[in-house]
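A structural walkthrough
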Amino acid sequence: MGIQTEFNPDLALRNFSEFTAGRRKKEECLPENPEAGQVHEFLKKGQRIYWLMGEIPLVETKGNQQLSRPVASVILLEAVHFLLDGEPYTKGKYRIAEVFNPADKKIHFDGFNRVK
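Calculation criteria
- Residues numbered from 1 in each chain as written.
- Predicted model: local features only at pLDDT ≥ 70, side-chain atom pairs only at ≥ 80, totals over all residues.
- Heavy atoms only, no water.
- Pairing = 2+ DSSP bridges.
- Helix = DSSP H or I, 4+ residues; strand = E, 2+ residues; numbered from the N terminus.
- Axes fitted to C-alpha atoms, helices over the stretch in contact; angles between N-to-C directions.
- Phe/Tyr/Trp six-rings, centres within 6.5 Å; stacked < 30°, edge-to-face > 60°.
- Buried < 20%, exposed > 50% of the residue type's maximum accessible area, 1.4 Å probe, protein only.
- Lys NZ or Arg CZ within 6 Å of the ring centre and 35° of its normal.
- Patch = residues over 30% accessible without salt bridge, like charges linked within 9 Å, V, L, I, M, F, W, Y side chains within 5 Å.
- Areas by Shrake-Rupley, 256 points an atom, 1.4 Å probe, with all protein chains shown as cover.
- Salt bridge = Lys/Arg side-chain N within 4 Å of Asp/Glu carboxyl O.

1. Points about the sheet that holds strand E5 (residues 55-60)
Picture the strands of a sheet paired through backbone hydrogen bonds; they go either parallel or antiparallel. Read from one edge of the open sheet, 5 strands run E2-E5-E6-E7-E3, paired in mixed fashion. Edge strands, defined here as strands with exactly one partner in the open sheet, are strand E2 (11-13) and strand E3 (39-45). Here the strands of the sheet are splayed against their neighbours by 35° on average, with no regard to which way each runs.

Dropping the structure here:
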């Protein structure tokens, strides 16, 4: 038996409509009106490992690793593992560094490097 962890190069959250429909917690979803400088909480099922030393992409997930292009660049402020009903979860806080225009096709990340 090993320790199951997942290394995530991005923070993938659901569309805010999943919260308004009552299917997800607010922390599992993208912010409704993201703005640079805002601090938000996140919640992910599983024991996840994130890079804390710089900006990472914030993307929308539809599940099954179906990810959007980055919607914003964020800086993780904390990530904590805990048990909820006997299942491991990761929660934390992130600050939005920059929100991207969805119509803009510019590349914002090259691997872990933020392209400015």
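Moving on from the coordinates now.
2. Looking at the environment of Leu52
For Leu52, the position within the fold is in the loop between strand E4 (48-50) and E5. Placed 22 residues apart in sequence, Leu52 and Val74 show a C-alpha to C-alpha distance of 10 Å.

3. With respect to the packing of aromatic side chains
If you walk through the whole model with that rule in mind, you get 4 aromatic pairs. Measuring from ring centre to ring centre gives 6.4 Å for Phe42 and Tyr94, while their planes differ by 45°; the resulting arrangement is tilted. Here Phe42 is found in strand E3, whereas its partner Tyr94 is found in strand E7 (residues 87-99), with 52 residues between them in sequence. Residues Phe42 and Tyr94 agree in their burial class; the two are buried. What links up through ring pairs into an aromatic cluster is the set Phe42, Tyr50 and Tyr94. The side chain of Lys91 reaches across the aromatic face of Phe82, ending 4.9 Å from its centre. Above the face of the Phe109 ring, Arg114 is positioned so that its terminal group lies 5.6 Å from the ring centre.

4. Observations regarding a nonpolar patch on the surface
Together, Trp51, Leu52, Met53 and Phe112 line one region of the surface with nonpolar side chains, adding up to about 440 Å² of accessible area. Along the chain, Met53 turns up in the loop between E4 and E5. We classify Met53 as exposed; its relative accessible area is 69%.

5. As for the pattern of salt bridges
Pairing is possible between side chains of opposite charge, provided their charged atoms come close. A full pass over the atoms with the stated rule returns 6 salt bridges. Glu28 is paired through a salt bridge with Arg24; the nearest N and O atoms lie 3.5 Å apart. Given a relative accessible area of 16%, Glu28 falls into the buried group. On the basis of relative accessible area, Arg24 is assigned to the partly exposed category, the value being 29%. A salt bridge links Lys116 to Glu55, with the nearest nitrogen and oxygen atoms 3.4 Å apart. Within this pair, whereas Lys116 is found in the segment after strand E9 (113-114), its partner Glu55 is found in strand E5, the two being separated by 61 residues in sequence. For Glu55, a relative accessible area of 17% translates into the label buried. Taken together, the shared-partner salt bridges connect Glu55, Glu98, Arg114 and Lys116 into one network.

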